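Summary of structural features
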Amino acid sequence: MINTDERGRDRDLASLVVPRAGSLVATGDLWELYRLVDPAGDAVEPVAVWLRDLQAAGRSALTQRSYGVDLLRWFRFLWAIDEVPWNHAPRAEARDFFRWIQLTDKPRRPGGSAVSEAPNPVTGKTGPGRKYASSTRGHSETVLRGFYDFHRDAGSGPMINPFPLVRRKARPNVHHNPIEPYRNEPSGLYRPRRVQRVPRSIPDEKFNELFAQLGSHRDRALVAFWVSTGARAAELLGAHHGDADPGQQLITVIRKGTRAIQQLPASPDAFVWLRLYQAQMQGLVPAESDDPLWWTLRRPFRPLTYHAAHRMFERVNAVLGANWTLHSLRHTAAYRMARDPDMPLTDVQWVLGHAHLSTTQLYMNLLPEDVIAGVLAHHARRTNRRAPVPAPEDSAPAASYRPETLNVLFGEGTA
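Residues numbered from 1 in each chain as written. Predicted model: local features only at pLDDT ≥ 70, side-chain atom pairs only at ≥ 80, totals over all residues. Heavy atoms only, no water.

It is worth spelling out the overall build of the protein at this point. Each helix and strand counted, the protein has 14 helices and seven strands in total. The proportion of buried residues among the 415 residues of the protein is 37%. For the protein, the accessible area works out to roughly 24,900 Å², and carbon and sulfur atoms hold 54% of it. (Helix = DSSP H or I, 4+ residues; strand = E, 2+ residues; numbered from the N terminus. Buried < 20%, exposed > 50% of the residue type's maximum accessible area, 1.4 Å probe, protein only. Areas by Shrake-Rupley, 256 points an atom, 1.4 Å probe, with all protein chains shown as cover.)

What follows is the structure in structure tokens.
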């Protein structure tokens, strides 16, 4: 697997080893939330400049972190090949990077558990797998193209973006019919095809088992809010004490992306568990209107982060042998509301914060487990309609297979 690029260099991608050099460091500094450092521990200044620009554009801390992770992966590849600096990287390097990220295995943490793509026996969801997902590769392509566009415009990067757009003969949707939806036009040359994933919800009986495994009033309140409001995990975790209004059964969150402030209706049970949690923490944590609503349960008390809540949910999953995520609770809320005949789909769209109704319509589709159950019921009905095959008196009861099927398997005259 030897690759010869347009400049005549040979690169053996099969034997290329990309070490886990450098890191993305959370600084705790409000003005520089994350810093990408090289193997020597020095800050990578081009990334720092771009992250500051993202902060100025209103990008959230989680967005800055995810962009930093993609850039760290790219810089590790450049450090491994050790041939050109980042600002002289040609298209050949970009091409080889996406060939490498498509075929290589993801690095595993020391002592980490083995990964499997087999469907989970409890949830039916596939595991993360050994390879990078197409969504990860697509996100990386978008981030890297934006990074090089920024430095090209600033005059600090290459004149030609190594992550180009697809060349088109005409502008996209140039003859668009106003009564038809816009077509999804391909953007990046190395962007993988998007795989449409069906949202998976938690069945009611499984959700009851999961809820019974939660070990504190805080965790029960969180899960009850997530599954009744449809809020994203980070949105709810960012709520403050004054954002909960038990009298109106509303909780206020800041929406991801738009950063809009929105009140969401929640179930009465969620506010009951919240009151029990607040009574348990009374006098232990600040409870002013602008103080965080969710705290750790162990001293020293700190505001609850997304990663701490994620680990809590992972422990519950481990007990049940499941692999649901916090986002599965949002999907569950969406399916419950979308399948209520008395709730308009536009109301569901507003609650979920979807920009387009077509996104909300995904929750009108049948779940895979519903389809499987329906097909198995179909086979059972067909089996029950068949006349039973008479069995010899001295033999055990036989399954009611079709006579022609038995003749094919065991020879004519068997049935």
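Below, the discussion takes up the environment of Arg35. Assignment of secondary structure puts Arg35 in strand 4 (residues 32-37). With relative accessibility at 31%, the residue Arg35 sits in the partly exposed group. Measuring from C-alpha to C-alpha, the distance between Arg35 and Gln64 comes to 9.9 Å, with 29 residues separating the pair along the chain. Within polar-contact distance, the side chain of Arg35 engages the side chain of Glu32 at 3.0 Å. (Polar contact = N/O pair within 3.5 Å; in protein donor to acceptor, adjacent residues only side chain to side chain.)

Core analysis: the largest hydrophobic core is formed by 39 residues, its most contacted members being Val223, Phe225, Trp226, Leu274, Trp294 and Leu329. Contributing elements (two or more residues each) for this core: helix 5 (204-212), helix 6 (217-229), helix 7 (233-237), helix 8 (268-281), helix 9 (306-320) and helix 10 (326-338). In terms of residues, this core owes the most to one element, helix 6, which gives seven residues. Excluding residues that lie within four positions of it along the chain, Leu274 makes contacts with Ala221, Phe225, Ala244, Leu293 and Trp294. (Core = buried A, V, L, I, M, F, W, Y, C linked by side-chain atoms within 4.5 Å. Contact = heavy atoms within 4.5 Å.)

Side chains of Leu366, Val371 and Val375 sit close together on the surface and give an oily, nonpolar patch of about 250 Å² of accessible area. Positionally, Val371 belongs in helix 13 (residues 368-385). The exposure class of Val371 is partly exposed, given its relative accessible area of 41%. (Patch = residues over 30% accessible without salt bridge, like charges linked within 9 Å, V, L, I, M, F, W, Y side chains within 5 Å. Salt bridge = Lys/Arg side-chain N within 4 Å of Asp/Glu carboxyl O.)

Side chains of strand 7 (residues 261-265) alternate between two faces, with Gln262 and Leu264 buried and Ile261, Gln263 and Pro265 left unburied. Between strand 6 (residues 250-254) and strand 7, which pair antiparallel and follow one another directly, the connecting turn spans six residues, one of which, Gly257, has a positive phi of 85°. (Pairing = 2+ DSSP bridges.)

So, on to the confidence of the model for the protein. Looking at the protein, pLDDT values average 87 and 86% of them are 70 or higher. Considering only residues more than four positions removed or in separate chains, one finds that residues 1-8, a stretch of pLDDT under 50, has 25 contacts. (pLDDT = per-residue confidence, 0-100.)

Tallying each qualifying case throughout the model produces 15 salt bridges. Connected via shared salt-bridge partners are Arg95, Asp96 and Arg99.

Our next topic: the sheet that holds strand 7. Here three strands make up an open sheet; going across it, the order is 5-6-7 and the pairing antiparallel. A strand with exactly one partner marks an edge of an open sheet, and here the two such strands are strand 5 (244-245) and strand 7. Bridging between strand 5 and strand 6 involves two bridges; their strand directions are antiparallel. Directly across from Asp245, in strand 6, lies its bridge partner Leu250.

Bringing the packing of aromatic side chains into the picture now. Counted under the stated rule, the structure contains 24 aromatic pairs. Between Trp50 and Tyr67 the ring centres are 5.7 Å apart and the planes differ by 15°, which places this aromatic pair in the stacked class. Of the two residues, Trp50 sits in helix 1 (residues 45-56) while Tyr67 sits in helix 2 (residues 61-81), which places them 17 residues apart along the sequence. Residue classification places Tyr67 among the buried residues on the basis of a relative accessible area of 19%. Measuring from ring centre to ring centre gives 5.2 Å for Phe97 and Phe98, while their planes differ by 80°; the resulting arrangement is edge-to-face. Across the pair, exposure class does not vary: Phe97 and Phe98 are buried alike. Lying across the ring of Phe207, Arg336 places its NZ or CZ 5.0 Å from the centre. (Phe/Tyr/Trp six-rings, centres within 6.5 Å; stacked < 30°, edge-to-face > 60°. Lys NZ or Arg CZ within 6 Å of the ring centre and 35° of its normal.)

Attention shifts here to unusual backbone geometry. Along the chain, Arg299 connects to Pro300 via a cis peptide bond; the corresponding omega equals -5°. Backbone geometry at Gln249 places phi at a positive 55°, although glycine is not the residue there. Within the element layout of this structure, Gln249 appears in the loop between strand 5 and strand 6. Using a relative accessible area of 32% as the deciding quantity, one classes Gln249 as partly exposed. With a phi angle near 60°, Arg259 is a residue other than glycine that sits in the positive phi range.

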